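# Tertiary structure, described
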Amino acid sequence: MSRAAVKPVPDSTPKGSLDLEDLSLSEGAPVLLRRALSRLAQDDWLEVRGDSSILEENLRTWCRTQGLGYERRAGAPVLHRIQKGSNPAVVVNSPNDIVEVADPAWGLAPRGASIETGGPHFAFTLRRKRDVWANELHNLYKQAAANQWSAARDIPWNELPRLPVDLEEAVCQIMTFLTENEFAALYVPARFIPRIHPHYREVVEVLAMQVADEARHAEAFTRRAQAMGFGLGRTATTGQLSLQTLVEEPDFTTAVFLLCVMGEGTFLSLLRFLQEHAPDPVTSELARLAHRDEARHVAFGTEHLRYVLQTEPEKRSSLAAAVERRSQILASVSGLSPYVHDALVVLAGGGVSIPQIRTGTRLVLELHREMHRSRQERLQSLGFSGEQASELSNYHTKNFM
Ligand SMILES: [Fe+2]
Ligand SMILES: [Fe+2]
């Protein structure tokens, strides 16, 4: 194939030449033709030789479909000439560096690619850096990829003991509550991903990992509930109402604040509590692994909020208003569903005897205090005053998420 190369010729008519030998168009000649044409300027001619008897007919058709000029030169050997399109696709370069506003015309092209103009328009409504960006995205993605675990491979299911019925039922009830919350945590990022401009791909990647984490949590918690044949418990209307206000929040930053900072932040305390008080090693290990993932989700939320608030400190009041609005919608929801509260008491106390219930109740009260304390701490780290942090933490849904 050494003859099939472009040879620059003096500055007379054709500006390049290509010998296709006996290579036909169906055997790949367009690859060499496009390479040769890419080195020419607009309206320049490429001289083409070839031995195939049907080359002329095929080349003429191909040139027409590609918007190229075609000429056959008389004489022997047969010479073909192709003129680089007078109306070629216009190409723009998308920037390599992350810019403040992404152009919808870049479509799905990777950052830094050159893009033919005139492509379809996508409805990427989140296309300002401020809308979605967070610090530490690279590290968060790296940690997420390194820490993927599997319910089938990494959980010691064969170490699951037969627990007293009351305890097993409490575990199953808590797994039910966790699973419905995992679904909410899955749907929130999942519904925003298609709205984020791919120019900010690091955000999409981190959120995609978050969606995968939540799918794994839901699967693992359901599996724990079913492991001893008891199956899932009951879900409360109050819990579903609370999660609906979260899943339907239309603003990305507000949704991230409610989910990742307030909700998943609260779940960190809950998962730590379950890890510590679980009556069996499987439940404890599930809580530990989910806690490790949730810590990353909370870190993403905190870093996104930090990024937004450093340039828009006034956004704090609209976030506070969102928490308060949610609490008003949920005013009829008196507190944590009794199914979940009671199951936590039985699990933490280790059973249903009077002393166990007394211990469990005390531990669950301490859990609520710990949740309140850590929510306030997280809010203050985002620049809310002590008073605002305390007020917002109190407004946060009693259903934890
Ligand atoms: Fe989760
Ligand atoms: Fe999460």
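The sections below set out a description of the structure shown in this document. Every value quoted in this text rests on a predicted model; they were computed, and no experiment measured them.

Now for the coordination of the iron ion (ligand 2). Think of it this way: four donors in a tetrahedron around the metal ideally sit 109.5 degrees apart, and six in an octahedron ideally sit 90 or 180 degrees apart. Those donors, E214 (OE), E264 (OE), E294 (OE), E294 (OE) and H297 (ND1), are the protein atoms that reach the iron ion (ligand 2), and they lie 1.9 to 2.8 Å from it. Positions of the donor residues of the iron ion (ligand 2) along the chain correspond to the pattern E-x49-E-x29-E-x2-H. In this structure the iron ion (ligand 1) is found 3.6 Å away from the iron ion (ligand 2), and E214 serves as a bridging donor for the pair. Separated by 33 residues along the polypeptide, E264 in helix α8 (residues 252-277) and H297 in helix α9 (residues 281-311) bring together distant segments of the chain.

For the rest of this paragraph, the subject is helix α13 (residues 386-395). Counting along an α-helix, one turn takes 3.6 residues, and residues three or four places apart therefore face a common direction. Among the residues making up α13, those that are buried are A389, L392 and S393. One side of α13 carries all its buried residues, which in axial view fall inside an arc of 100 degrees. Those residues of α13 that are buried are in contact with α8, α10 (315-329) and α12 (354-381).

So, about the environment of G231. With respect to the helices and strands, G231 occurs in the loop between α6 (201-226) and α7 (237-247). With a relative accessible area of 16%, G231 lands in the buried category. Linking G231 and V352, residues 121 residues apart in sequence, is a C-alpha distance of 20 Å. Filtering out sequence-adjacent residues up to four positions away, G231 remains in contact with C172, A225 and Q226.

At E21, a position not held by glycine, the phi torsion is positive, near 50 degrees. Inspection of the secondary structure puts E21 in the loop between β1 (14-19) and α1 (29-38). One non-glycine residue, F400, adopts positive backbone phi at about 75 degrees. Inspection of the secondary structure puts F400 in the segment after α13.

Cut-offs applied
- Residues numbered from 1 in each chain as written.
- Chains lettered and ligands numbered in written order.
- Predicted model: local features only at pLDDT ≥ 70, side-chain atom pairs only at ≥ 80, totals over all residues.
- Heavy atoms only, no water.
- Donors = N, O, S within 2.8 Å, 3.2 Å for Na, K, Ca; no water.
- Helix = DSSP H or I, 4+ residues; strand = E, 2+ residues; numbered from the N terminus.
- Buried < 20%, exposed > 50% of the residue type's maximum accessible area, 1.4 Å probe, protein only.
- Arc of directions from axis to C-beta.
- Contact = heavy atoms within 4.5 Å.

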